[in-house]
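Survey of secondary and tertiary structure
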Amino acid sequence: MNVIRAVQLYLEQMISEAGPGMKMLMMDRETTSIVSMAFAQSEMLQKEVYLFERIDSGRSNERLKYLKCIVFIRPTRDNVLRLQSELKSPKYGSYFINFSNIIPRTDIKSLAESDESESVREVKEVYADFLPVNPNLFSLNIPTCLQALSWNPEALERTVQGLISVLLAFKIRPAIRYKSSSTAAQTLAKKIHENINKETALFSFRPPEDGSSPPLLLILDRRDDPITPLLNQWTYQAMVHELLTITKQRVDMCGVQGVPKDLKEIVLSSEQDEFYAGNLHANFGEIATTIKGLMDEFQKKVNDQKKIESINDMKNFVETYPQFKKMSGTVTKHLVLISELSLQVGKQQLFEISELEQEIACRADHSTQLQRVKKLVSDEKISLQNALRLILLYSMRYERHANCGTSGLLKILHDRGGRSHLVPRMLEYISTSARQELFNTVKITDAVKLTRNLIKGLKGVENVYTQHNCVLKETLEEVVKGRALDATYPIMGNEVPYRRPPQEIVVFVIGGTTYEEALAVHRYNQEGHKVILGGTTIHNSESFLEEIMAATAGVPFKQSRSLQQFHSAPSGEA
């Protein structure tokens, strides 16, 4: 189960079915991102795709009849209307139309009626309606999906379409389980179930013959784990996203001083960058050592290139130059990234902040933690973003504590100009079950968890910066071991629950997933399981705070005891 390879296979099929000859690719805004995340432009050129065009951009009147046009667009009403207009006055010699998802028969009929010149050679559905991020990670690129803590109707429709596409891409008719306490998860599960039953012909895949459990679609809600997106991360991909932000495999470096012009935008693709593919899950300490090794290897090649003393040496130089140049670019790119990460870690005092975040997330020690949070929040050297995150974590854990100090912390943040209004919003956003399951554990459990982590730390597996386990990791543990999930994660429909672990698992997080959760899935796959993870988006802490504000907009928040003595700024004030 590899989401990048699934998209690549569809694209390769589209191109090969158009036959030999010069081709162009017509896309929309979303499919442009899907294609760029699966293939580099140079790879498309090798497949005789020489031009790229957006169907939603202005049309030129130039006729290019010698080109075959491969159309790859989402089956939206606007796209169908644009394609009808294109076919009424065709610019290209022939059209091979591919929709990224299920398209209504009525739209097919209207396209056929528009094709008066009979330039359309074929119309197909290909199920690639999602962004392939890592081999085991996909996103639907929906920045915020809830309003007033319920589904935004447009986001719900897009999520259903995206998940149906993923299931069809992998030929999966799954059992559907969802978090019972989440209305949003239940709504999505019901919609997916209805769509599968409606499209019975498309989902008529042969069931497992060995009596094993059917594949599983597990639907989770971000509101059940608002801690994970708030924590600093220490693996390469997650750190880049948290400190620099990855948007559709691209990192904007324009704001970083001293970066070469050709690295103002850096592409991070596991398909196009072998070093990145091998190290995206490496921790901060490992990646610096690995880059040094890469630099040493590069320096050795540089010295070898200087020793050109014969015709044979020149021939070898010419043959190895493309790889040499590629390695040069790889070294420079990752050196720029790791240098900036190192600078930010020191500048933002992230070791101290991360250690305290982990302590708050993993064990109860109110008095000590309150004093440490107060000290850091008051420190002008600590960024307002990091101060806010510490207060959010503290306020969620100690909301009901008799001596809760949230109001005092908020006053300090407010006086510094921080976004104090986000804290009551977070206390509305966190689900009731999360309050009970994440923090209301007895101290024995906390002690056991801490002891386990300290033992792991001695073995070099874990340390004080990575004590926290996301809820997803613990849930997957239950699933892969075949433990009963019926009460917490009921099964949608009339299907009989299986007790055997499913062979294939698709996990989807409403409200966005994280690279920490992708790492957990990666580790399960290393053990031989087949799991892919998706979310409405992929969060860092800043995008998650935007999700919270959008989700709680219009919700009259209840004044909790921890906030009674603090009157925050109006909701929109920074």
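Being a predicted model, the structure only gives us computed values, none of them experimental. (Residues numbered from 1 in each chain as written. Predicted model: local features only at pLDDT ≥ 70, side-chain atom pairs only at ≥ 80, totals over all residues. Heavy atoms only, no water.)

Let's shift gears to the overall build of the chain. Within the chain, the secondary structure is distributed over 21 helices and 16 strands. The 574 residues of the chain split such that 52% are buried. Contacts in the chain between residues at least 24 apart in sequence constitute 82% of all its contacts with a sequence separation of at least 6. As presented, the chain carries roughly 26500 Å² of accessible surface, and 51% of it is formed by carbon and sulfur atoms. (Helix = DSSP H or I, 4+ residues; strand = E, 2+ residues; numbered from the N terminus. Buried < 20%, exposed > 50% of the residue type's maximum accessible area, 1.4 Å probe, protein only. Contact = heavy atoms within 4.5 Å. Areas by Shrake-Rupley, 256 points an atom, 1.4 Å probe, with all protein chains shown as cover.)

Before going further, it helps to spend a moment on the environment of Gln 233. Counting through the fold element by element, Gln 233 comes out in the loop between strand 11 (216–221) and helix 8 (236–243). Only 3.0 Å separates the side chain of Gln 233 from the backbone oxygen of Leu 231, close enough to count as a polar contact. Side chain to side chain, Gln 233 and Glu 516 meet in a polar contact 3.2 Å long. (Polar contact = N/O pair within 3.5 Å; in protein donor to acceptor, adjacent residues only side chain to side chain.)

Below, the discussion takes up the environment of Asp 379. The residue Asp 379 is located in the loop between helix 13 (366–378) and helix 14 (384–397) in this model. Counting along the chain gives 33 residues from Asp 379 to Ile 412, while the straight-line C-alpha distance between them is 9.9 Å. Once residues within four sequence positions are removed from consideration, Asp 379 is found in contact with Gln 349 and Arg 416.

With respect to topology, 5 strands assemble into an open sheet ordered 2-1-3-4-5, the strand pairing being parallel. The open sheet terminates on both sides in strands that have one partner only, identified here as strand 2 (49–54) and strand 5 (120–125). When the angles between neighbouring strand axes are averaged without regard to direction, this sheet yields 20°. Of the pairings in the sheet, the one linking strand 1 (residues 23–27) to strand 3 (residues 64–73) comprises 5 bridges and is parallel in character. Within the sheet, the bridge partner assigned to Lys 23 lies in strand 3 and is Lys 68. Contacting strand 1, strand 2, strand 3, strand 4 (92–99) and strand 5, helix 1 (residues 3–17) runs over the sheet at an angle of about 155° to strand 3. Those strands touched by helix 4 (residues 77–88) are strand 1, strand 3, strand 4 and strand 5, and its axis lies near 165° from that of strand 4. (Pairing = 2+ DSSP bridges. Axes fitted to C-alpha atoms, helices over the stretch in contact; angles between N-to-C directions.)

It is worth spelling out the packing of aromatic side chains at this point. Across all of its chains, the model carries 10 aromatic pairs by this definition. Arranged with centres 6.5 Å apart and planes meeting at 80°, the rings of Tyr 10 and Tyr 127 form a pair that is edge-to-face. A residue pair is termed long-range when its members are at least 10 positions apart, and Tyr 10 in helix 1 and Tyr 127 in the loop between strand 5 and strand 6 (131–134) qualify at 117 residues. A residue is classified by how much of its surface remains accessible, and Tyr 10, at 13% relative accessible area, is buried. Seen in terms of ring centroids, Tyr 429 and Phe 544 are 5.7 Å apart; in terms of plane orientation they differ by 80°. Their pairing is edge-to-face. Taken together, the positions of Tyr 429 in helix 16 (residues 422–429) and Phe 544 in helix 21 (residues 541–552) put the pair 115 residues apart, joining distant regions of the chain. The pair formed by Tyr 429 and Phe 544 is uniform in burial state, with each residue classed as buried. (Phe/Tyr/Trp six-rings, centres within 6.5 Å; stacked < 30°, edge-to-face > 60°.)

On to helix 8, then. The buried count for helix 8 comes to 7 of 8 residues, which makes it a mostly enclosed element. Burial in helix 8 covers these residues: Tyr 236, Gln 237, Ala 238, Met 239, Val 240, His 241 and Glu 242. Just downstream of helix 8 lies Thr 245, where phi reads positive at about 75°.

For the rest of this paragraph, the subject is the confidence of the model for the chain. For the chain, per-residue confidence averages 86 on the pLDDT scale, and 86% of positions sit at 70 or higher. For residues 441–462, every residue scores under 50 in pLDDT, and the model assigns this stretch 15 contacts once sequence neighbours within four places are set aside. Across residues 568–574, where pLDDT falls below 50, the model places 15 contacts with residues more than four positions away in sequence or in other chains. (pLDDT = per-residue confidence, 0-100.)

Turning our attention to the pattern of salt bridges. This model, assessed by the stated rule, comprises 24 salt bridges. Notably, a salt bridge pairs Lys 179 with Glu 437, separated by 3.6 Å at the nearest N-O pair. Separated by 258 residues along the polypeptide, Lys 179 in the loop between strand 10 (175–178) and helix 7 (183–198) and Glu 437 in helix 17 (residues 432–439) bring together distant segments of the chain. The buried category is assigned to Lys 179, whose relative accessible area is 3%. Here Arg 389 ties to Glu 242 by a salt bridge, and the two come within 3.2 Å at their closest N and O atoms. With a gap of 147 residues between them, Arg 389 in helix 14 and Glu 242 in helix 8 connect regions that are remote in the sequence. Note on accessibility: Arg 389 and Glu 242 belong to one class, buried. Look at the salt bridges and you will find they share partners, linking Glu 30, Arg 74, Asp 129 and Arg 158 into a network. (Salt bridge = Lys/Arg side-chain N within 4 Å of Asp/Glu carboxyl O.)

This part takes up the side chain of Ser 270. Following the sequence through the fold, Ser 270 ends up in the loop between strand 14 (265–267) and helix 9 (274–279). Since its relative accessible area comes to 11%, Ser 270 is described here as buried. Residues within four places of Ser 270 in sequence aside, it is in contact with Ile 4, Val 133, Pro 135, Tyr 276, Ala 277 and Leu 280.

Turning to the nonpolar core, a few remarks are in order. Counting 152 residues, the largest nonpolar core has Phe 138, Leu 188, Ile 192 and Ile 510 as its most contacted members. No other element matches helix 6 (residues 153–169), which puts 9 residues into this core. When near neighbours in sequence (up to four residues on either side) are disregarded, Ile 192 contacts Val 160, Leu 163, Ile 164, Leu 167, Ile 176 and Leu 217. Judged by nonpolar contacts, the second largest core, of 17 residues, contains Met 26, Ile 55, Val 71 and Leu 87. (Core = buried A, V, L, I, M, F, W, Y, C linked by side-chain atoms within 4.5 Å.)

Moving on: helix 4. In a regular helix each residue adds 1.5 Å, so 12 residues correspond to 16 Å; helix 4 covers 17 Å between its end C-alpha atoms and thus fits that length. Three or more residues of helix 4 are buried, namely Asn 79, Val 80, Leu 83, Gln 84, Glu 86 and Leu 87. One side of helix 4 carries all its buried residues, which in axial view fall inside an arc of 160°. If you follow the buried residues of helix 4, they end up packed against strand 1, strand 3, strand 4, helix 5 (105–114) and strand 5. (Expected span 1.5 Å × (residues − 1). Arc of directions from axis to C-beta.)

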